[in-house]
Amino acid sequence: MVAATVSGLRSLDDLPFDNRFTRDLPADPSAERRRRQVEGAAYSRVAPTPTAAPRTVAWSPEVAALLAIPEELCRSDDFAAVFSGNRVPRGADPFAMAYGGHQFGTWAGQLGDGRAIALGEVLDRDGGHQILQLKGAGPTPYSRTADGRAVLRSSVREFLCSEAMHHLGIPTTRALSLVTTGDQVVRDVLYSGDPAPEPGAVVCRVAPSFTRFGTFQLPASRGDLDLLRALVRTTIAHSFPHLSGGEAPSDADLPELVPVWLTEVVERTAALVAHWMRVGFVHGVLNTDNLSITGLTIDYGPYGWLEGWDPMWTPNTTDAAGRRYRYGQQPQVAHWNTVQLANALLPLLGDDPATLQAAVDRFPDAYEAALQPLLAARFGWNGWRDGDEDLVAALHEVLGRSEIDQVLFHRDLADVPVDLAVDATPDGPRLRDPADRHRLLDPLADAWYAPDEIAGDTAEALVGWLLRWAERARAGGLDDEARRRSMDAVNPRYVLRNYLAQEAIDAAEAGDAALLHDLLDALRRPYEDQPGRERFAARRPEWARHRVGCSMLSCSS
Ligand code: AMP
Ligand code: MG
């Protein structure tokens, strides 16, 4: 066993590898990189393919600290070499994972890490295991028809968003580094028949587990129960040790353990989606291969952030027709994915579905239980009460009347006074002095995309809702200070707005990473107002409305 405490590594060859995934699970007996079906194995050993001229563009100081990699090492040429895949450090055991998945509702068979290659698992500062995975490190047996590479554009998006999500307090895979490769990669951005070369890049993703729902589906689809059992036992031992008393469970434990485990997976998934809904994150491709078994946000592709309140919105042009993965449908789709996972686990229970059915049936309640305290905090209500759902639904109706930036609206709501003089009427509270409506609406004015529309019935509806909210907030009993603290702690000032990511990409593609660094720094403290950084909190500018990369993204990456 490697020492768990590592105080500032001297070399990347000192990374304390402890490769339990490859140690505990069956490997592909073939060492061929050739694209093929891999059966009876959880992974294939495959080395990264070197690139022309790796150069580090950015790293996450928090993830580097977690891995005890000091700043001098982050600035070294060896860092770029190791985290692009050009040099495999001592103790690594590079591998690509096998998995399958339902893509857009249809079973797609074997998928697997087609361009992600894990170097192995290291012990972090706290003694936990972290898999270091290079996304874009070259072909593997799972690459199907694709090249195993990633472009700078999508790598900037993955790098920034992983860290932004973490700092928002949302479970996610992390990103240690963003390295350009010096190679060109050809992509057809909108699948329109115009392929063009783009700069290539590699992100080193970091997480205790990259196991997906589809990891279990693949052996189940092939009737390979031995592999399925091994994956379940190992996943519980590595990532859910509290369920089996810290021991690896035996096959005999599984009929009893699997429903308990699935219940926890369902609860974690539901809680994750509740967080996405709170901040307005739309994953964009919630295929079963893109759902983490440990409840992390995983695989940042054509994701986006909700600007105006539009539950029908999806950033993913590949999904434009069906909008399966739209913002408002994420809870239902995540629930559907847990049902597919349960189906894969069914053979482990001797085909008695009742306990697994009960586990997936938990989803709606688990989702509400996770969402309600977040909403109560977001509105400054000091706890959730019956009837609050009507007030939230009423807000969504009002927000749908004009384009209103939902991030700014929720953040700035904390500035709206709750103690204006009102008269009770059968339709709810009414302002005693109509001139006071400005005191209600002015703090929110930055959120209006079309200020002219905030008039007439729309303005009346907003005022009416704000007065009901204020009444409810007063009934919550929090003083002004406590209410603001509650609201500011869950309503971010800064999120990775779609157009900001694109501006950082444009500059990075032109060789200037200053904006990317500045943005990363702002996103490290999303709940704090940062004077001088108003630009990162601003509403989407008009030029970005229909610009590719800002409002429209495809799976091309
Ligand atoms: P995604 O849409 O990113 O979740 O990927 C779906 C599947 O396609 C996964 O198996 C990926 O590894 C694979 N894939 C995506 N892009 C590439 C690529 N450029 N080279 C090889 N495999 C890829
Ligand atoms: Mg994926």
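Conventions and cut-offs
Residues numbered from 1 in each chain as written. Chains lettered and ligands numbered in written order. Predicted model: local features only at pLDDT ≥ 70, side-chain atom pairs only at ≥ 80, totals over all residues. Heavy atoms only, no water. Buried < 20%, exposed > 50% of the residue type's maximum accessible area, 1.4 Å probe, protein only. Helix = DSSP H or I, 4+ residues; strand = E, 2+ residues; numbered from the N terminus. Pairing = 2+ DSSP bridges. Donors = N, O, S within 2.8 Å, 3.2 Å for Na, K, Ca; no water. 1 Å grid on protein atoms, 1.4 Å probe; cavity = no way out; pocket = protein on both sides within 12 Å on 5 of 7 lines; lining within 4 Å. Points joined across faces, edges and corners; volume = space filled by probe spheres on them. Nonpolar A, V, L, I, M, F, W, Y, C, P; charged D, E, K, R; others polar. Axes fitted to C-alpha atoms, helices over the stretch in contact; angles between N-to-C directions. Parallel < 35°, antiparallel > 145°, perpendicular 65-115°, else oblique. Left-handed = near helix turned anticlockwise from the far one by under 90°. Contact = heavy atoms within 4.5 Å. Patch = residues over 30% accessible without salt bridge, like charges linked within 9 Å, V, L, I, M, F, W, Y side chains within 5 Å. Areas by Shrake-Rupley, 256 points an atom, 1.4 Å probe, with all protein chains shown as cover. Salt bridge = Lys/Arg side-chain N within 4 Å of Asp/Glu carboxyl O. Lys, Arg positive; Asp, Glu negative; His and termini not counted. Charge placed at Lys NZ, Arg CZ, Asp CG, Glu CD. Arc of directions from axis to C-beta. Near = heavy atom within 4 Å. Polar contact = N/O pair within 3.5 Å; in protein donor to acceptor, adjacent residues only side chain to side chain. Sits in = over half its atoms within 2 Å of the grid points.

Student: What should I look at first to understand the pairing of strand E6 (residues 116–123) in this one?
Tutor: The two faces of the sheet receive side chains in turn, since in a regular strand these alternate between them. Extensive coverage of E6 is indicated by the burial of 8 of its 8 residues. By the bridge criterion, 7 bridges tie E6 to strand E7 (residues 129–135) in an arrangement that is antiparallel. Directly across from Val-122, in E7, lies its bridge partner Gln-130. In textbook terms, the turn of a hairpin is the stretch between consecutive antiparallel strands, and for E6 and E7 this stretch comprises 5 residues, one of which, Gly-127, has a positive phi near 90°.

Student: Looking at this model, I keep getting lost on the coordination of the magnesium ion (ligand 2). Mind explaining?
Tutor: Ideal geometry at a metal centre: 109.5 degrees between donors when four sit tetrahedrally, and 90 or 180 degrees when six sit octahedrally. Surrounding the magnesium ion (ligand 2) are the protein donor atoms Asn-290 (OD1) and Asp-299 (OD), at 2.0 to 2.2 Å. Residue classification places Asn-290 among the buried positions, given a relative accessible area of 9%. Residue classification places Asp-299 among the buried positions, given a relative accessible area of 13%.

Student: Quick question: what am I supposed to make of the layout of surface pockets here?
Tutor: To find leftover empty space, a probe the size of one water molecule is rolled over the atoms. In this structure, the largest pocket occupies an estimated 910 Å³ of space. The wall of the largest pocket is formed by 35 residues, among which Gln-103, Arg-115, Arg-144, Cys-555 and Ser-557 lie closest to the centre. For the lining of the largest pocket, the class distribution of residues is 11 nonpolar, 13 polar and 11 charged.

Student: Help me understand the packing of helix H5 (residues 152–167) against helix H17 (residues 498–509) in this model?
Tutor: The description of two helices packed together rests on the angle between their axes and the distance between the axes. Put simply, H5 and H17 touch, their axes get as near as 9 Å, and they point 130° apart. Taken together, the axes of H5 and H17 lie oblique to each other. For H5 against H17, the interelement crossing comes out right-handed. Of the residues in H17, those in contact with Leu-152, Arg-153, Val-156, Arg-157 and Leu-160 of H5 are Ala-504, Ile-505, Ala-508 and Glu-509. Taken together, the residues of the contact of H5 with H17 sort by class into 6 nonpolar, no polar and 3 charged.

Student: For this particular structure, what's the right way to read a negative patch on the surface?
Tutor: Together, Asp-365, Glu-368, Asp-386, Glu-389 and Asp-390 line one region of the surface with negative charge. Listing elements by their share of the negative patch, those giving two or more residues are helix H11 (363–378) and helix H12 (388–399). Along the chain, Asp-365 falls in helix H11. With relative accessibility at 52%, the residue Asp-365 sits in the exposed group.

Student: For this particular structure, what's the right way to read empty space enclosed by the protein?
Tutor: Summed over the entire model, instances satisfying the criterion amount to 6 cavities of 30 Å³ or more. Phe-21, Ser-209, Thr-211, His-238 and Ser-239 are, among the 13 residues lining the largest cavity, the residues nearest its centre. Those elements that place two or more of their residues in the lining of the largest cavity are helix H1 (20–24) and helix H7 (225–239). Of the residues forming the lining of the largest cavity, the biggest block, 5 residues, is contributed by H7. Residue composition of the lining of the largest cavity, grouped by class: 5 nonpolar, 6 polar and 2 charged.

Student: Would you mind showing me how to read unusual backbone geometry here?
Tutor: Note: most residues except glycine have negative phi, and most peptide bonds are trans. At Asp-299, a position not held by glycine, the phi torsion is positive, near 70°. Inspection of the secondary structure puts Asp-299 in the loop between strand E10 (281–282) and strand E11 (304–305). Positive phi, close to 50°, is recorded for Asn-382, a residue that is not glycine. Looking at where Asn-382 falls in the secondary structure, it is placed in the loop between H11 and H12.

Student: What's the story with helix H18 (residues 514–523) in this structure? I'm lost.
Tutor: Among the residues making up H18, those that are buried are Leu-515, Leu-516, Leu-519, Leu-520, Ala-522 and Leu-523. Looking straight down H18, one finds its buried side chains confined to an arc of 160°; they lie on one side. Contacts made by the buried residues of H18 are with strand E2 (55–59), H5, strand E8 (174–187) and H17.

Student: Where do I start with the site of ligand 1 in this structure?
Tutor: Inspection of the region around ligand 1 gives 17 residues, with Gly-112, Gly-114, Arg-144, Asp-147 and Gly-148 positioned closest. The contact in question runs from an oxygen atom of ligand 1 to an N or O atom on the backbone of Gly-112, over 2.5 Å. Separating an oxygen atom of ligand 1 from a backbone N or O atom of Gly-114 is a distance of 2.7 Å. Taken atom by atom, the bulk of ligand 1 overlaps the largest pocket. For the shell around ligand 1, the per-class residue count stands at 3 nonpolar, 6 polar and 8 charged.

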